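Okay, here's what each chain looks like letter by letter:
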Amino acid sequence: MLLPKNEVSVYLLTQILKNAFIDVDDISETGFIVKPDNLYFDVDIDTKNERIQLYLNHNAQEYDERTFFKVLVASNDANSAKTFVKTSVTNQSDRIFLTFEYTYRYDKNLNVAQFVSDLKFFEQVVIAIIKDEFQGIF
């Protein structure tokens, strides 16, 4: 099903995902939380710029310089090896946060089946990055 770009909305996407048996929670005007299979992550919809952003902001652990450096190196390695998902690391309030994100464009309409598939693929890629790049650091 091809959804015209002017019909893309939080309400319609949450209904489509619920009909596809995907858990949707914490619905707001600009996004929601989704759980395709194993992970909860955020979906933000920018109707003005016709973009959907998938992201997971993981509060990894208490900050220490050595671990932060290891996570930063692993994040850079993940970014050089993967093209679908971008990772980044920040230090906020003495915590290490690891962020995974992907921006999905729908300026030429939204292929709903592809969108649902990409949600599941995002989750699989994030799990693979965690296993491949960050396992043993935390």
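Coordinates for the structure precede this section.
Attention in this report is confined to the structure presented alongside it. Small disclaimer: the values here were computed from a predicted structure and weren't measured.

Calculation criteria
- Residues numbered from 1 in each chain as written.
- Predicted model: local features only at pLDDT ≥ 70, side-chain atom pairs only at ≥ 80, totals over all residues.
- Heavy atoms only, no water.
- Pairing = 2+ DSSP bridges.
- Helix = DSSP H or I, 4+ residues; strand = E, 2+ residues; numbered from the N terminus.
- Axes fitted to C-alpha atoms, helices over the stretch in contact; angles between N-to-C directions.
- Contact = heavy atoms within 4.5 Å.
- Phe/Tyr/Trp six-rings, centres within 6.5 Å; stacked < 30°, edge-to-face > 60°.
- Buried < 20%, exposed > 50% of the residue type's maximum accessible area, 1.4 Å probe, protein only.
- Parallel < 35°, antiparallel > 145°, perpendicular 65-115°, else oblique.
- Left-handed = near helix turned anticlockwise from the far one by under 90°.
- Core = buried A, V, L, I, M, F, W, Y, C linked by side-chain atoms within 4.5 Å.

Quick word on the sheet that holds strand 4 (residues 41-46)
Consideration 1: Strand order across the open sheet formed by 6 strands is 2-3-4-5-7-6, with antiparallel pairing between neighbours. The strands lining the two open edges of the sheet, one partner per strand, are strand 2 (23-25) and strand 6 (86-92). Direction aside, the axes of adjacent strands within the sheet are offset by 30° on average.
Consideration 2: Contacts from helix 1 (residues 10-19) reach strand 2, strand 3 (31-35), strand 4 and strand 5 (51-62) within the one sheet, and its direction differs from that of strand 3 by about 15°.
Consideration 3: Contacts from helix 3 (residues 112-134) reach strand 3, strand 4, strand 5, strand 6 and strand 7 (95-105) within the one sheet, and its direction differs from that of strand 7 by about 150°.

Regarding the packing of aromatic side chains
Consideration 1: With the rule as written, the count across this model stands at 7 aromatic pairs.
Consideration 2: Ring geometry for Tyr-63 and Phe-68: centres 5.5 Å apart, planes at 55°, overall tilted.
Consideration 3: Each residue in the set Phe-84, Tyr-102, Tyr-104, Phe-115 and Phe-121 is aromatic and connected to the rest through ring pairs, giving one cluster.

Some words on the pairing of strand 4
Consideration 1: Alternating residues of strand 4 divide into Phe-41, Val-43 and Ile-45, all buried, and Asp-42, Asp-44 and Asp-46, none buried.
Consideration 2: Relative to strand 4, strand 3 runs antiparallel, the two being bridged by 4 bridges. Looking at strand 4, one finds that Gly-31 is bridged to Asp-44.
Consideration 3: A loop of 5 residues connects strand 3 with strand 4, the two strands running antiparallel in sequence.
Consideration 4: In the sheet, strand 4 pairs with strand 5 via 5 bridges, with the strands oriented antiparallel. Bridge pairing links Val-43 to Leu-54 in strand 5.
Consideration 5: Counted between consecutive antiparallel strands, the loop separating strand 4 from strand 5 contains 4 residues, among which Glu-50 sits at a positive phi close to 55°.

Re the side chain of Asp-118
Consideration 1: Mapped onto the fold, Asp-118 is located in helix 3.
Consideration 2: Among all residues touching Asp-118, those that are not within four sequence positions of it are Leu-54, Phe-84 and Tyr-104.

Description of the packing of helix 2 (residues 65-81) against helix 3
Consideration 1: Between helix 2 and helix 3, whose axes approach to 10 Å, the crossing angle comes to 125°. When the axis of helix 2 is compared with that of helix 3, the two are oblique. For helix 2 against helix 3, the interelement crossing comes out right-handed. Contacts between helix 2 and helix 3 involve Val-71, Ala-74, Ser-75, Asp-77 and Ala-78 on the former and, on the latter, Ile-129, Glu-133 and Phe-134.

What about the nonpolar core?
Consideration 1: With 40 residues, the main nonpolar core has Leu-13, Ile-52 and Phe-115 as its most contacted residues.
Consideration 2: Counting residues per element, the ones that place at least two in this core are helix 1, strand 3, strand 4, strand 5, helix 2, strand 7 and helix 3.
Consideration 3: The leading source of residues in this core is helix 3, at 9 residues.
Consideration 4: Filtering out sequence-adjacent residues up to four positions away, Phe-115 remains in contact with Leu-13, Leu-17, Val-43, Ile-52, Leu-54, Tyr-104 and Leu-110.

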